[in-house]
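Structure at a glance
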Amino acid sequence: MATSEKPKRKEKVRLLVLSAILMVAVIFASIKLMNIQVVHGEENAVKADSNNLIRTNVEAARGEILDRYGRPLVTNSLVLNIQLNRGSLPEGRENEVILRLTQLFQKQGATWRDEFPITEQPVNGEYQFKDGMDSEIEKLKSMLKMQDYGTAQQCMDNAIEKFEITGYNEQDTRTIVAIRCMMEVENFSDRNPYTFAENVDKTFAAQLIEMQNEIPGVEISETYTRGYVDGTLAPHILGNIGPMLKEDWEGDEKSGVTGYKDIEGYNMDDDIGRTGIEALMESDLKGTDGVMILEKDADGTVVNQYMEEEAKPGNNVVLTIDSVLQKQIQDQFYQRLSQHSAITGGSVVVLDTSDNSILASVSYPGYDLNTMSENYDTLNADPKKPMLNRSFKEIYRPGSTYKTAMAVAGVSEGIMTGTSKPFNCTKTMYLPGDTSRTPFNCLSRHGYLNLYDALKVSCNIYFYNVGKSLQEIDEHKITEYSNALGLGTDIGLELSNATGRITSKETAEKLGIPWNGIGDAMQSAIGQMETYVTPVQMATQMATIANKGIRYNTHIIKQVDKFDGSETVKQTEKQIMNQLEDKNNAFEETTKGMESVSTKYPEMNGMNIAIKTGTPQRTKTVYDSAAVAFYPAEQPEIAIAVVIERGDGISYAKDMVVPVIQAYEASKQSAQQWQQEHQNS
């Protein structure tokens, strides 16, 4: 037992000694820096003239992403990287140092970066390019000044000659070539060190520090990697960071896209936001790198180093999302839908009706941001498209939920009131003069209904007639009211989102399909035909009805704060994007009708919910399930939209409404507790 613990004790002693050495070194460096800058400032200025000053970057921490209450969603973790520093790597010894470093890594069983696009071994006597690395191959050929038709073997031969790699066996040669080429591609220079390996074990890093004389130019750098409190929580919103591609660096002048090479503070090997909030808020999240000065004497020996500019962390981005509410809804929604293989996807969106800020946005299926990179090919090939943000980017027919928009339009235009019974449902109706006798059907024979009952039983004939009347008043009425409510139009959302479309003559012309006038308008009035909208638009429509025609900008960015939280840099202001005149109490009448719908469902009794369900037709035999709601019906606080692909008869969207409301009420208590615990922090 004692002998087995000796290596552990020895290792602990080594780490303790190393820590003490590093601490003393830091204190000594601080005293020396004060001595250099303050006590002997003028003297050192003279010395600097005869010495070579080399500036190197010191990476700044990226800003964090927080929920509306300041709870962390995306943070930074400090890791150790191994870098090659041009300033301290002797010229002419690069190949020797690289090989020795790789041997140490192999002995340790550790890995280093290898993004070289050429095979590890020759195939039939010649090296080949790796599949799926077109961008890397292009960069390699450009660096080696080769023609596009150059082969992998020619690239190897050119690199061997360029970097004078001789006297090594085949495997070592390929290893050195790969690293030398990647160093060159990534603009290895005095100010731009090459990252050889990332997230290295602390013990191994300590061993490398002890071997500085054997591997000059090899340094340990502290850097930051993105950490997720829960990688599965809202991945479609948070997004990811990734390496900069050639097209990112170069930009596209013709399209007016500025390359990062023209933006101050970026290097070619930087990671940048690639999707979601990480991409949208890149300029806010990115910090400002610091500058360290390395001073070398005439012999090339580093005689001093000090910070010229301290690194400044990026700003924190605060979202409108309530992370507790998001997780509760996401867990329940995923659990329900994952039980049915026929369901291909779905979405839940919850808005705060006071300003249309997004409290929760769930897209199913999802993925884990922690493993996205290694699973990218699998995720990308999945027919259920787990990386698609269905809440913002997928468009669906709204089905009978759209009847709420037609209710607002019909009452506003004086076609009906809440209590009038202008239409007779005989289960089937035909257009006058239609020689084809195309039937417009309903599920039942409802007779004469008022608006409240028409919404409650979802009578198609009633709303066919509303659509027909609106079209006869003005062929643009249906589109005008739909857009005003937030359907098929820009809603102000910062993240990329689909606009959708509303059935109209103009839409038919754009799609190159026939326009059948009143007949098509009638079908569109029940949420069919070419009317396609996003779940976030459906929630926006509900918020607009709840606010009696006032449509605020739907948004997901609350504010941007300085990294330490000391100051708010900017914040999203509530804006009125559109305001419908409340004619004939149209919004109140529609709300009453939606309240009557809730009385059909025992679980909603006494909950004061305004709701409308729908079964949008996906194909002739397959239907989605949809539900829109706001709560409470009187003095609304939240608007809800739920869509389940192929959910009809399997999993109904309306069954998520009560759990969403319950989660919302519970989340308010969680938020209050969090704020109390952190109000002084």
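In the block above lies the structure referred to throughout.
Residues numbered from 1 in each chain as written. Predicted model: local features only at pLDDT ≥ 70, side-chain atom pairs only at ≥ 80, totals over all residues. Heavy atoms only, no water.

**Some thoughts on the overall build of the chain**
Rules: Runs of H or I in DSSP of at least four residues are treated as helices and runs of E of at least two as strands, each being numbered from the N terminus. Exposure is judged per residue with a 1.4 Å probe applied to protein chains only, and the accessible area is read against the type maximum: over 50% gives exposed, under 20% gives buried, and values in between give partly exposed. Contact criterion: two residues are considered in contact whenever any of their non-hydrogen atoms come within 4.5 Å of each other. Here the accessible surface of atoms and residues is derived via Shrake-Rupley with a 1.4 Å probe, and residues count as covered only by protein chains that are part of the display. Here the positive residues are Lys and Arg and the negative ones are Asp and Glu; neither His nor the chain ends is included. Taken as the charge centre is NZ of Lys, CZ of Arg, CG of Asp or CD of Glu, depending on the residue.
Across its full length, the chain holds 23 helices and 25 strands. The dimensions of the chain, computed from C-alpha atoms along their principal axes, are 100 × 65 × 60 Å. Within the chain, the fraction of its 681 residues that count as buried is 50%. In the chain, the proportion of contacts linking residues at least 24 apart, taken out of those at least 6 apart, comes to 71%. As presented, the chain carries roughly 32,400 Å² of accessible surface, and 47% of it is formed by carbon and sulfur atoms. Each charge class in the chain can be summarised by its mean position, and for the 67 positive and 95 negative side chains these summaries are 6 Å apart.

**Re the pairing of strand E25 (residues 638-644)**
We apply this condition: Only strands joined by at least two bridges in the DSSP assignment are considered to pair.
Within E25, seven of the seven residues are buried, leaving the element largely enclosed by the surrounding structure. Of the two faces of E25, the one holding Ile638, Ile640, Val642 and Ile644 and the one holding Ala639, Ala641 and Val643 are both buried throughout. Relative to E25, strand E13 (residues 346-352) runs antiparallel, the two being bridged by seven bridges. Opposite Val348, over in E25, you have Val642 as the bridge partner. Where strand E24 (residues 625-631) meets E25, seven bridges bridge the pair, whose relative direction is antiparallel. Across the sheet, the residue bridging to Val628 is Ala641, located in E25. The turn joining E24 and E25, which pair antiparallel and follow one another in sequence, is formed by six residues; a positive phi near 55° is taken by Gln635.

**Here's the deal with the packing of aromatic side chains**
Selection rule: Any two rings among Phe, Tyr and Trp, with Trp reduced to its six-membered ring, count as a pair given centres within 6.5 Å; such a pair is stacked if its planes are under 30 degrees apart, edge-to-face if over 60, and tilted if neither. Geometrically, a charge over a ring is one whose NZ (Lys) or CZ (Arg) sits within 6 Å of the ring centre while staying within 35 degrees of the ring normal.
According to the stated counting rule, one finds nine aromatic pairs in the structure shown. Between Phe423 and Tyr462 the ring centres are 5.3 Å apart and the planes differ by 85°, which places this aromatic pair in the edge-to-face class. Residue Phe423 is found in the loop between helix H15 (403-412) and strand E15 (424-425), and its partner Tyr462 is found in helix H17 (residues 460-473); the two are separated by 39 residues along the sequence. Owing to a relative accessible area of 12%, Phe423 belongs among the buried residues under this scheme. Through successive ring pairs, a cluster of aromatic residues spans Phe105, Trp112, Phe196 and Phe204. Seen from the ring of Tyr69, Arg68 lies directly overhead, with NZ or CZ sitting 5.9 Å from the centre. The ring of Tyr266 is capped by Lys286, whose NZ or CZ atom sits 4.6 Å from the centre of that ring.

**Observations concerning the pattern of salt bridges**
Counted only if it meets this: Salt bridges are defined as contacts in which a side-chain nitrogen from Lys or Arg sits within 4 Å of a carboxyl oxygen from Asp or Glu.
All told, the structure shown has 33 salt bridges when counted by the stated rule. In this structure, Lys468 engages Glu472 in a salt bridge whose closest nitrogen and oxygen atoms are separated by 2.8 Å. Note that Lys468 and Glu472 are positioned in helix H17 at a spacing of four residues, about one turn of the helix. Given the relative accessible area of 18%, Lys468 is considered buried. Its relative accessible area of 48% is what places Glu472 among the partly exposed residues. Measuring nitrogen to oxygen at the nearest pair gives 2.8 Å for the salt bridge that ties Arg618 to Asp624. Taken together, the shared-partner salt bridges in this structure form one network comprising Arg62, Arg226, Glu278 and Glu282.

**Thoughts on the environment of Thr554**
The condition that has to hold: Throughout this description, a polar contact denotes any pair of N or O atoms lying within 3.5 Å of each other; where both atoms belong to protein, one of them has to be capable of donating a hydrogen while the other can accept it, and for residues adjacent in sequence the pair is counted only when both atoms sit in side chains.
Topologically, Thr554 is positioned in the loop between strand E19 (550-552) and strand E20 (557-561). Since its relative accessible area comes to 0%, Thr554 is described here as buried. Spatially, the C-alpha atom of Thr554 lies 62 Å from that of Ala298, the residues being 256 residues apart in sequence. Setting aside residues no more than four positions away along its own chain, Thr554 makes contact with Leu351, Asn356, Ile358, Ile491, Gly492, Leu493, Glu494, Val536 and Thr540. At a separation of 3.4 Å, a polar atom in the side chain of Thr554 contacts the side chain of Asn356.

**Topic: the sheet that holds strand E23 (residues 610-614)**
Rule in force here: The convention used is that axes are lines fitted to C-alpha atoms, helices contributing only their stretch in contact, and that angles between N-to-C directions extend from 0 to 180 degrees.
What the five strands build is an open sheet, ordered E14-E13-E25-E24-E23; its pairing is antiparallel. The open sheet has two edge strands with one neighbour each: strand E14 (357-364) and E23. Mean inter-strand twist for the sheet, computed between neighbouring axes without regard to direction, equals 5°. Here seven bridges tie E13 to E14, and the two strands are oriented antiparallel to one another. Among the inter-strand pairings, Leu351 is bridged to a residue of E14, identified as Ile358. Lying on the sheet, helix H21 (residues 535-546) is in contact with E13, E14, E24 and E25; it crosses E25 at an angle near 150°.

**What to know about the environment of Lys583**
By the secondary structure assignment, Lys583 is in the loop between strand E22 (576-579) and helix H22 (586-598). The sequence separation of Lys583 and Ser412 amounts to 171 residues, and the corresponding C-alpha distance is 4.9 Å. Residue contacts for Lys583: discarding those within four places in its chain leaves Val411, Ser412, Glu413 and Tyr481.

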